[in-house]
Amino acid sequence: MLLNIIIVEDSEELCEGWQDILSLDGHRVQCFLNGRTALEDRTLIMQADVLVTDYYLPDINGLTLVSMVRKIRADLPIILLTGTRDPAIRESLRQVENALFLSKPIRIEQLERSIRELIASSTKSPPVEPDNVTRPPSSPY
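All of these numbers come straight from a predicted model, not from anything done at the bench.

**A look at the overall build of the chain**
Line of reasoning, step 1. Per the secondary structure count, the chain includes 6 helices and 5 strands.
Line of reasoning, step 2. Its helices and strands taken in sequence order, the chain reads β-α-β-α-α-β-α-β-α-β-α from the N to the C terminus.
Line of reasoning, step 3. A total of 141 residues make up the chain; the buried ones form 39% of that total.
Line of reasoning, step 4. Carbon and sulfur atoms make up 51% of the accessible area of the chain, which amounts to about 8,600 Å² in all.

**Notes on the pairing of strand S4 (residues 78-82)**
A regular strand places its side chains on the two faces of the sheet in alternate fashion.
Line of reasoning, step 1. Counting buried residues along S4, 5 of its 5 residues qualify, which places the element largely inside the surrounding structure.
Line of reasoning, step 2. Neither face of S4 is exposed, since Ile78, Leu80 and Thr82 on one face and Ile79 and Leu81 on the opposite face are all buried.
Line of reasoning, step 3. As judged from the 4 bridges shared by strand S3 (residues 50-54) and S4, these two strands associate in the parallel manner. Along S4, the bridge assignment pairs Leu51 with Ile78.
Line of reasoning, step 4. With helix H4 (residues 62-72) bridging S3 and its parallel neighbour S4, the resulting β-α-β unit is right-handed.
Line of reasoning, step 5. Looking at chain direction, S4 and strand S5 (residues 99-103) are connected through 5 bridges and run parallel. Bridge pairing in S5 links Leu81 to Leu102.
Line of reasoning, step 6. In this fold, S4 hands off to helix H5 (residues 87-94), which returns the chain to S5; that crossover is right-handed.

**Re the side chain of Lys104**
Line of reasoning, step 1. Mapped onto the fold, Lys104 is located in the loop between S5 and helix H6 (108-122).
Line of reasoning, step 2. Among the polar contacts made by the side chain of Lys104, one reaches the side chain of Asp54 at a distance of 3.1 Å.
Line of reasoning, step 3. In contact with Lys104, other than residues within four places in its own chain, are Glu9, Leu14, Asp54, Leu81, Thr82, Gly83 and Arg85.

**Overview of the packing of helix H1 (residues 12-24) against H6**
Line of reasoning, step 1. With their axes 11 Å apart at the nearest point, H1 and H6 run at an angle of 60° to one another. By the angle between their axes, H1 is oblique relative to H6. Where H1 crosses over H6, the two elements pack in a sense that is right-handed. Of H6, the residues touching H1 (which contributes Trp18, Ile21 and Leu22) are Ile108, Leu111, Glu112 and Ile115.
Line of reasoning, step 2. In terms of residue class, the contact of H1 with H6 is made up of 6 nonpolar, no polar and 1 charged.

Conventions adopted
- Residues numbered from 1 in each chain as written.
- Predicted model: local features only at pLDDT ≥ 70, side-chain atom pairs only at ≥ 80, totals over all residues.
- Heavy atoms only, no water.
- Helix = DSSP H or I, 4+ residues; strand = E, 2+ residues; numbered from the N terminus.
- Buried < 20%, exposed > 50% of the residue type's maximum accessible area, 1.4 Å probe, protein only.
- Areas by Shrake-Rupley, 256 points an atom, 1.4 Å probe, with all protein chains shown as cover.
- Pairing = 2+ DSSP bridges.
- Right-handed = clockwise from strand over helix to strand, strands pointing away.
- Polar contact = N/O pair within 3.5 Å; in protein donor to acceptor, adjacent residues only side chain to side chain.
- Contact = heavy atoms within 4.5 Å.
- Axes fitted to C-alpha atoms, helices over the stretch in contact; angles between N-to-C directions.
- Parallel < 35°, antiparallel > 145°, perpendicular 65-115°, else oblique.
- Left-handed = near helix turned anticlockwise from the far one by under 90°.
- Nonpolar A, V, L, I, M, F, W, Y, C, P; charged D, E, K, R; others polar.

So, to be careful, I would describe these as geometric facts and stop short of saying anything about function.
Listed below in structure tokens is the structure:
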């Protein structure tokens, strides 16, 4: 499945490495080194299948970025990354809905697997009909 992925990571080396590998997997990947630049293109956010962001960014933190992105696109699945050991920050990242929290450092295989799992869990199941709906009898013909 081809995905549109946005990565916001202040390590240029890490961002480029992930972009190269995920692109080889067939995905369209856009990298940003800070949060505000990522927010500039609303169309890109609307077309994205997943946002991967670090918590510590040079301009805003990852939670602020998520909050701003969710004002544009409330249902966008998100992967939050951090290398911090601060329990308060880690807990706040775990509380974000429709998101996965991963501790850095991570291997690309873990990122790829996490993206697949998040997308799979984010897909909407068909609506279930309530039990009290009266249906006409089915025809034997």
